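# Structure assessment
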Amino acid sequence: MSAWSWASTGMSEVQRHAEIVGWGMYAPERVVTNDDLAQVLDTSDEWIRTRTGIERRHLAVGEATAAMAIAAAREALRVADADPYDLGLVLVATMTPDYPTPSTACLVQYALGAIHAGAIDLNAGCSGFCYALSVANAAILSGEQEMVLVIGAETMSSMVDMDDRATAVLFGDGAGALLLRASDGNAGILSTWLGADGSGGDMLMVPAGGSALPASAETVAGRQHYLTMDGNQVFRFATRIVPRAIEQVVSRAGLELDAVDWIIPHQANTRIVEAAAKRLNMEMSRFYLNLQEYGNTSAASIPIALCEAVRNGSIQPGQHIVLVGFGAGLTWASVLLRWGPSVQEARPIFYRRLWRWLLYRWAAIHRPLRRLSSGAWGRARRLLTRGAPNGQD
């Protein structure tokens, strides 16, 4: 299907959009306050708040990235009352996957029972969710996909050195998800803008664990599997690129900054957002912030903030919203969308709710059953082979 379709009445063209029809988020139960960190680090609540705006963060205990992504995804499907069978693609933006391989997206796809969906991870650091939205938007506009699930999920506590004050106070864990569906209405994603500058890759990186520096006793002893950050350089980069990314994505949609109702930035540091607002000559009240509660959850920060803004009624039908991220790579990305008048939490129909429940339960038992049956068949085959003449089966 073309990105343009003909209306059923008349000959006017109706532009195809990727509209948000479902949303969900998940934050671990464990909350760590600044005062908690001050007991184990050379820091204080005042020092953290005045420099970052962060007051507390949620940290996972016994939960990996996929588990949080699955919880957020199921909530998004529930809100839209959607059938996982209709999903064509699952995208997970993360830099803290459960494993190097398989992808976290495949674990999510399996747990949802989305048997018709492709699944891939995308790593663009804290810009990852906006990058994934851009990919999802392109897939829907091209006609290749009708429904795409986009998730940002991170277990940042797994790669942060809790003895390093420069990073330990900043990060939290969590997940957020958006369900996008093809629409011929005027709501949905209006424009995207992506960028990267690999020359700054060493400003935010995990030195070891990849093919350049494989894991070894030396890399573990040297604490090279933790995130390192040049905070001053990242701050300068962010205060320069965030205003530019906002202006570019608004311009691409043919709008002016005055038409933007909300800007939801990557939740990294209040001072970065204040600097961006000053450069754009915009009031801080137009920037939605919740980093005081969750800290920096990397690729999960923007969808968590968006979900929270929808839940508390801050976002209303017809509003224009800019999502803007920046992070490791160095990368940056922005998305402009119009919140649809049709977007409201669906009242689940009983049989669809039951169907999702059955799919999730089947996914939970299917893998163990397959391993059991595979093992039984393997043992039977070996017995048959052993008893065959001349070692033939």
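That block above? That's the structure.
Below: a short report on this structure.

Rules used throughout
- Residues numbered from 1 in each chain as written.
- Predicted model: local features only at pLDDT ≥ 70, side-chain atom pairs only at ≥ 80, totals over all residues.
- Heavy atoms only, no water.
- Helix = DSSP H or I, 4+ residues; strand = E, 2+ residues; numbered from the N terminus.
- Phe/Tyr/Trp six-rings, centres within 6.5 Å; stacked < 30°, edge-to-face > 60°.
- Buried < 20%, exposed > 50% of the residue type's maximum accessible area, 1.4 Å probe, protein only.
- Core = buried A, V, L, I, M, F, W, Y, C linked by side-chain atoms within 4.5 Å.
- Contact = heavy atoms within 4.5 Å.
- 1 Å grid on protein atoms, 1.4 Å probe; cavity = no way out; pocket = protein on both sides within 12 Å on 5 of 7 lines; lining within 4 Å.
- Points joined across faces, edges and corners; volume = space filled by probe spheres on them.
- Nonpolar A, V, L, I, M, F, W, Y, C, P; charged D, E, K, R; others polar.
- Axes fitted to C-alpha atoms, helices over the stretch in contact; angles between N-to-C directions.
- Parallel < 35°, antiparallel > 145°, perpendicular 65-115°, else oblique.
- Left-handed = near helix turned anticlockwise from the far one by under 90°.

### Looking at unusual backbone geometry
Excluding glycine, a negative phi dihedral is what most residues carry, and trans is how most peptide bonds are arranged. In the segment running from T101 into P102, the intervening peptide bond is cis, with an omega of 10 degrees. Position of P102 among the secondary structure elements: in the loop between β6 (89-93) and α4 (104-112). Put simply, G329 and L330 share a cis peptide bond, and its omega is -5 degrees. Note on placement: L330 falls in the loop between β14 (320-327) and β15 (331-338). If you check the backbone angles, S298 has positive phi at about 55 degrees while not being a glycine.

### Brief notes about the packing of aromatic side chains
Within this structure, the stated rule accounts for three aromatic pairs. Aromatic pair W23 and W339: ring centres 5.7 Å apart, planes at 50 degrees, arrangement tilted. Taken together, the positions of W23 in strand β3 (residues 17-26) and W339 in the loop between β15 and α12 (350-387) put the pair 316 residues apart, joining distant regions of the chain. Relative to W332, the ring of F237 lies with its centre 5.9 Å away and its plane at 55 degrees, an arrangement referred to as tilted. Of this pair, F237 sits in helix α8 (residues 231-252) while W332 sits in strand β15; the two residues are 95 residues apart in sequence, bridging distant segments of the chain. Of the two residues, F237 and W332, both sit in the buried class.

### Brief notes about the nonpolar core
If you look at the biggest cluster of nonpolar residues, it comprises 46 residues, and the most contacted ones within it are V242, I246, I263, F287, V322 and F326. Mapped onto this core, the elements with two or more residues apiece are α8, α9 (270-280), β14 and β15. Element by element, the count of residues in this core is highest for α8, at nine residues. In this structure I263 touches I246, M282, R286, F287, Y288, V322 and V324, once residues within four positions along its chain are discounted.

### Comments concerning the layout of surface pockets
Its boundaries defined by the atoms lining it, the largest pocket holds a volume of some 620 Å³. What lines the largest pocket is a set of 27 residues, and nearest its centre among them are M95, T96, P97, N123 and M159. For the lining of the largest pocket, the secondary structure elements donating two or more residues are β7 (118-122) and β11 (204-205). In terms of residue class, the lining of the largest pocket is made up of 13 nonpolar, 11 polar and three charged. The residue makeup of the lining of the second largest pocket, split by class, is 16 nonpolar, seven polar and three charged.

### Some words on the packing of helix α3 (residues 65-80) against α4
At their nearest, the axes of α3 and α4 sit 9 Å apart, and the two run at 45 degrees to each other. Looking at the two axes, α3 sits oblique to α4. The hand of the α3/α4 crossing is right-handed. In this structure, α3 uses T65, A66, A69, I70, A73, R74 and L77 to contact α4, whose residues at the interface are T104, L107, V108, A111 and L112. Here the residues of the contact of α3 with α4 sort into nine nonpolar, two polar and one charged.

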